Each structure stands twice: as structure tokens, then as C-alpha cells.
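Here is how the chains run, residue by residue.
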Amino acid sequence: MILSVNNIHKSYGKEKVLNNISFDMKGPQILALVGPNGSGKSTLLNIITNLLPADQGSISIIDKTNQDPSIFRDVSYMQDNSVLYDYLTGYDHLQFIGDVQKVSKKKVLAAAERIGITSFLNKKVSNYSLGMKQQLLLTMAIVNEPKLLIMDEPLNGLDPTNSIKVRNLLLELAKEGTAILLSSHNLSEIDHVTSNILFLKDGQLLNENLADYENVYYHFTLTTLEDPEPLLKDTKAIVKSFADNRLVLSLNGTALTEILGIFDREGMVITDVEKKVVGSEERYKELFGKQEAEE
Ligand SMILES: Nc1ncnc2c1ncn2[C@@H]1O[C@H](COP(=O)(O)OP(=O)(O)OP(=O)(O)O)[C@@H](O)[C@H]1O
């Protein structure tokens, strides 16, 4: 198991910020944490990386507790740019990280080359644009070739060219075996890198099991007027709606044969089926309400 988050609770004074958060990352994948401002994303990432204590619950990373200092060779946390020092150059930052992570200068420079920041490494961070800062933070996060990369809003402040570049890099890293947990507001960007999304609202996860991550919906037209929901209650299918012979289900690939078998057994004839991939923006509107998504 790469990451296991178990029953995390956190309050600031009387304000409950995280309420019983649990989820797992079993292998290399990209998992996005999405939620409105103040929903607790940064607090959760800070707890996972042991920068902040939880009130209750536990975290394990690569099968060790997150309190074990040895795991941080294999984990990187890309925070927001407040962790950068204005009066130091990009190169100074990389040298520091290289020393802490015991990574050779050659590897550090190779990471800078990969992100494409060598041309401005000698400039002081005070002269960097937001996008340049993001790219420096990203380079700092990959120098140790982490098994788990945790990122707070990595796509923030990037122009379209750099955004595409960083998205491709995330996909490449995941393919090479890095598990990536990232938070984001930018839902259309997220759709390009993953369909695995955890939605956080008021400190609670709105979806906890894998079936809920699914963004594939099936629209069936049936000959029956009878509500099929009771027949499907022991399956992985989630009934989204049923009206006028139209049944909308969210289900994963393995459940489809089971569902078709049930329709067949019950004599429910399908006259039409349409598969629809739902983008995360649509999913966000469904979970948070249209108004909030458009704010
Ligand atoms: N150090 C702190 N002391 C008191 N309250 C805090 C502290 N840090 C965060 N909070 C509160 O906890 C809640 C969650 O904040 P958090 O920064 O985790 O949310 P977020 O989802 O990352 O928000 P954003 O998308 O705006 O970065 C907010 O109501 C915030 O005001």
C-alpha cells in the first residue's frame, strides 16, 4: 500500500476542519483531491506529510507510519510558493534539496533540465513569475525520484504551454511508477490527468469507495415502467435516476455484465444504451450544486 489514510479528524479551536477522512492509494496512480476554498485540502495534505498533527486517526506511507523519518526519502511534498526564499536563486534551492535528500548534483541538474528551468536557475526567486516558481517547486519535488508525490495545487498559475507541459510530466511520472496525490481547483485541467477524484466538502469526503470515483454513466432505455432500483441494490451500480423508462446508472466495467444478467433474468428488455463519460466539472456540479460550481 502506497498511502493509507485512516479516520483522520482535525479541528482548529471549535472549528471542525476534517471529519473522519479515510482513503487508500494502493499503487501508482494519480488521485486528485478537489473541493472548494477552505474545505480542508491543505490541512489534509499537511497531516499526511506529518507537518501538522491530526487530533485522531493514523496515516501510513509505503507500509510505515508517517511519523517514521525514513519514509521522506521516498516522499515529496510540493507546497505552495510561500516555502521559497525570495533572496535565494533557483539553483540555491535545488542545491539545498539535493543536500538534504543526498542526491548528486548531476541528478539535480537532470531534474531541472527535465522541467526546463535551467535558463532561469541563476536568477533570484524575487524575480520569478508565479509559473516559474511553480516549476522550481516541481523540480525540487522530483529530484529524489519519489515513490509518492504529494502536490498542493501544482497547476496553479501556469500558462497554457506550461500547464500542458506539467500535465504531461505528471502522466509520465505516473507511468514510471510514481503515485501522485494532488489538490486542485482547476477541474478541466484535472480531467486531462486523472478520473480518480476525491471530493472534499466541509471537511468530509463525499465519495469513499472506488465505485464512486467512476465517471462513466450508462443510460439505458428499458421497456419496463417498473423501478429497477430494488433489483440492483446488491450490485455495484449506483442508480442516478429512473423516469419514463430511462435508467441512468453509474457503474464500473465489472458490474456491467452483472447488470445485463439481471435485466435479462427479470425480462427487462433494453431498447437503447448510451455510455457517457462525465467530466469532473459536471461531477463537481452534481456533488456541490450548480450555484457553488459557478461561483
Ligand atoms: N492554522 C490555522 N488556524 C486556524 N484555522 C485554520 C488554520 N489553517 C486553516 N484553517 C482553517 O481550516 C479550514 C480549511 O483550510 P485549508 O487551508 O485546509 O482549506 P483548503 O481546502 O486547502 O483551502 P484553499 O483551497 O483555499 O487553499 C479553513 O476554514 C481555514 O480557515
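Residues numbered from 1 in each chain as written. Predicted model: local features only at pLDDT ≥ 70, side-chain atom pairs only at ≥ 80, totals over all residues. Heavy atoms only, no water.

### Observations concerning the layout of surface pockets
Put simply, the largest pocket is a space of about 650 Å³. Lining the largest pocket are 23 residues, and of these Tyr 77, Gln 79, Ile 97, Gln 101 and Met 140 lie nearest its centre. For the lining of the largest pocket, the secondary structure elements donating two or more residues are strand E6 (75-78), helix H2 (90-100) and helix H4 (130-142). Looking at the lining of the largest pocket, the element that brings in the most residues is H2, giving five residues. (1 Å grid on protein atoms, 1.4 Å probe; cavity = no way out; pocket = protein on both sides within 12 Å on 5 of 7 lines; lining within 4 Å. Points joined across faces, edges and corners; volume = space filled by probe spheres on them. Helix = DSSP H or I, 4+ residues; strand = E, 2+ residues; numbered from the N terminus.)

### Considerations on the side chain of Asp 152
Relative to the elements of secondary structure, Asp 152 occurs in strand E7 (residues 148-152). Side-chain polar atoms of Asp 152 contact the side chain of Ser 42, separated by 2.9 Å. Among the polar contacts made by the side chain of Asp 152, one reaches the side chain of Ser 183 at a distance of 2.7 Å. Setting aside residues up to four positions removed in sequence, Asp 152 forms contacts with Ser 42, Leu 45, Tyr 77, Met 78, Gln 79 and Ser 183. (Polar contact = N/O pair within 3.5 Å; in protein donor to acceptor, adjacent residues only side chain to side chain. Contact = heavy atoms within 4.5 Å.)

### Points about the nonpolar core
Grouped together as the largest cluster of nonpolar side chains are 44 residues, with contacts concentrated most on Leu 94, Ile 117, Leu 136, Met 151, Leu 170, Ile 180 and Leu 182. Among the elements that line this core, the one with the most residues is H4, at seven residues. Membership of the second largest hydrophobic core comes to 28 residues, among which are Leu 44, Ile 61, Tyr 77 and Ile 150. (Core = buried A, V, L, I, M, F, W, Y, C linked by side-chain atoms within 4.5 Å. Buried < 20%, exposed > 50% of the residue type's maximum accessible area, 1.4 Å probe, protein only.)

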